[in-house]
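# Architecture and fold: a report
Each chain, letter by letter, is given below.
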Amino acid sequence: MAPRLILWELCSQAGVQAPLFSPHTVKARLSLIHKGLAFETKEATFSDIKALKEKLGKRPSVPVLEFEDGSMITDSLEIAHYLEKTYPDKPSVFLPEAPTPVDLTSEEYTTAVAAACKLSAEFGMPAGAFPPFFGLLAPGIHSRLAKTPAEGCTECDADYFISDAKMGFPQAWEKISAAAADPDALMKNAKASIQQLNDLLAESDFLASKTQPGFVDFAVFGRYVMTHCIRPELAKELFIGKSGEWVARIVKTYHLEEFVARTW
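In what follows, the accompanying structure is described.

The rules we used
- Residues numbered from 1 in each chain as written.
- Predicted model: local features only at pLDDT ≥ 70, side-chain atom pairs only at ≥ 80, totals over all residues.
- Heavy atoms only, no water.
- Helix = DSSP H or I, 4+ residues; strand = E, 2+ residues; numbered from the N terminus.
- Buried < 20%, exposed > 50% of the residue type's maximum accessible area, 1.4 Å probe, protein only.
- Contact = heavy atoms within 4.5 Å.
- Pairing = 2+ DSSP bridges.
- Axes fitted to C-alpha atoms, helices over the stretch in contact; angles between N-to-C directions.
- Phe/Tyr/Trp six-rings, centres within 6.5 Å; stacked < 30°, edge-to-face > 60°.
- Disulfide = S-S within 2.5 Å.
- Parallel < 35°, antiparallel > 145°, perpendicular 65-115°, else oblique.
- Left-handed = near helix turned anticlockwise from the far one by under 90°.
- Nonpolar A, V, L, I, M, F, W, Y, C, P; charged D, E, K, R; others polar.

## Section: the environment of Q212
Tracing the backbone shows Q212 in the loop between α10 (183-200) and α11 (215-230). Overall, the relative accessible area of 35% leaves Q212 in the partly exposed class. As a C-alpha pair, Q212 and T74 span 138 residues in sequence and 25 Å in three-dimensional space. Every residue in contact with Q212, bar those within four places of it in the chain, is listed here: P96, E97, F206 and D217.

Quick look at the structure:
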């Protein structure tokens, strides 16, 4: 019998059929599906995730993968590496076209991992400019978070979201608000990122390989999901041409029709 796996996914408010908007949990969800693994899901708010700090022994973040014994790992890349090592006979998320088991110590594999991490980190992050996708979407996320603290908490999720502790840098929300005040600049940079994506897809169906999606596809698709969940009309405006066709292929490959239907 396969071990029980529970994926914690971020939602805006408890008890609400809201979209699962975190691009990071999308990477973990697709990694699990790609491996063909059965898993359960748990919708969690920021308050739920913060409550894990003592158990995890570090600043908690999503995604969280919980095991049958109650132990947990976080971070989408760490989860991907765990799945690769634990299920070597399942399709690789970094070398999806390669026969299994993949040699995780090979130069081909380490190069694929490095390339996936590089594009995942750089997509939508133009040098010297504020991340355009987050700048365009953060106000919408904030407006939909709980404005009253959950039971046992002193801070509501809306306040936590705009805190320096959550954002990880000083005067975070002030800088985000300043960037959001110039949506034309953000749109220009977002469209430049999509053009980069279109160029990469000019001769390939996917980013990880010509015929099969992998971790780098999951990372970029996560940006699409966040955009589509929060501002569906913006997703339609941005993801056009090759990138729009690529989105449709990802949705079809992993049967995500119901998942992406959850929008605000």
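## Quick look at the sheet that holds strand β1 (residues 5-10)
Strand order in this open sheet of 4 strands is β2-β1-β3-β4, and the pairing throughout is mixed. Edge positions in the sheet fall to β2 (40-44) and β4 (72-74), since each has one partner strand and no second. Across this sheet, the average inter-strand angle for adjacent strands is 25 degrees, counted without regard to direction. Of the strand pairs in this sheet, β1 and strand β3 (residues 64-67) are connected by 4 bridges, and their pairing is antiparallel. Note that in β3 the partner of W8 across the bridge is V64. The strands touched by helix α4 (residues 76-86) are β3 and β4; relative to β4, the strand with the most contacts, the crossing angle is about 125 degrees.

## Quick word on the packing of aromatic side chains
Counted by the stated rule, this structure contains 14 aromatic pairs. With centroids separated by 6.2 Å and ring planes inclined at 75 degrees, the aromatic side chains of F221 and W246 adopt a geometry described as edge-to-face. You can see F221 sitting in helix α11 and its partner W246 sitting in helix α13 (residues 242-253), a full 25 residues away along the chain. With relative accessibility at 0%, the residue W246 sits in the buried group.

## Looking at the state of the cysteines
According to the stated counting rule, one finds 0 disulfides in the structure shown. The thiol sulfur of C153 is not disulfide-bonded, and the nearest other cysteine sulfur, from C156, lies at 10 Å. Residue C153 is classed as partly exposed on the basis of its relative accessible area of 27%. With no disulfide partner, C229 has as its closest neighbouring cysteine sulfur the one in C11, 12 Å distant. The class of C229 is buried, set by a relative accessible area of 2%.

## Remarks on the packing of helix α1 (residues 23-34) against α11
Following both chains from N to C, one finds α1 and α11 inclined at 135 degrees, their axes separated by 8 Å at the closest point. Taken as axis vectors, α1 and α11 run oblique relative to one another. As α1 runs across α11, the sense of the crossing is right-handed. Contacts between α1 and α11 involve P23, V26, K27, L30, S31 and H34 from the first element and F215, F218, A219, F221, G222, R223, V225 and M226 from the second. In terms of residue class, the contact of α1 with α11 is made up of 9 nonpolar, 3 polar and 2 charged.

## Let's talk about unusual backbone geometry
Look at the link from V62 to P63: it is a cis peptide, with omega at 0 degrees. Topologically, P63 is positioned in the loop between α3 (53-56) and β3. Geometrically, the link from T100 to P101 is a cis peptide bond, its omega value of -5 degrees lying close to zero. With respect to the secondary-structure elements, P101 resides in the loop between α4 and α5 (107-122). Phi is positive for D75, which is not a glycine, with a value near 80 degrees. Turning to its location among the elements, D75 is positioned in the loop between β4 and α4. Here D75 falls in the partly exposed class, since its relative accessible area comes to 36%. The phi dihedral of Q171 is positive, around 50 degrees, even though this residue is not glycine. Along the polypeptide, Q171 turns up in the loop between α8 (164-167) and α9 (172-180).

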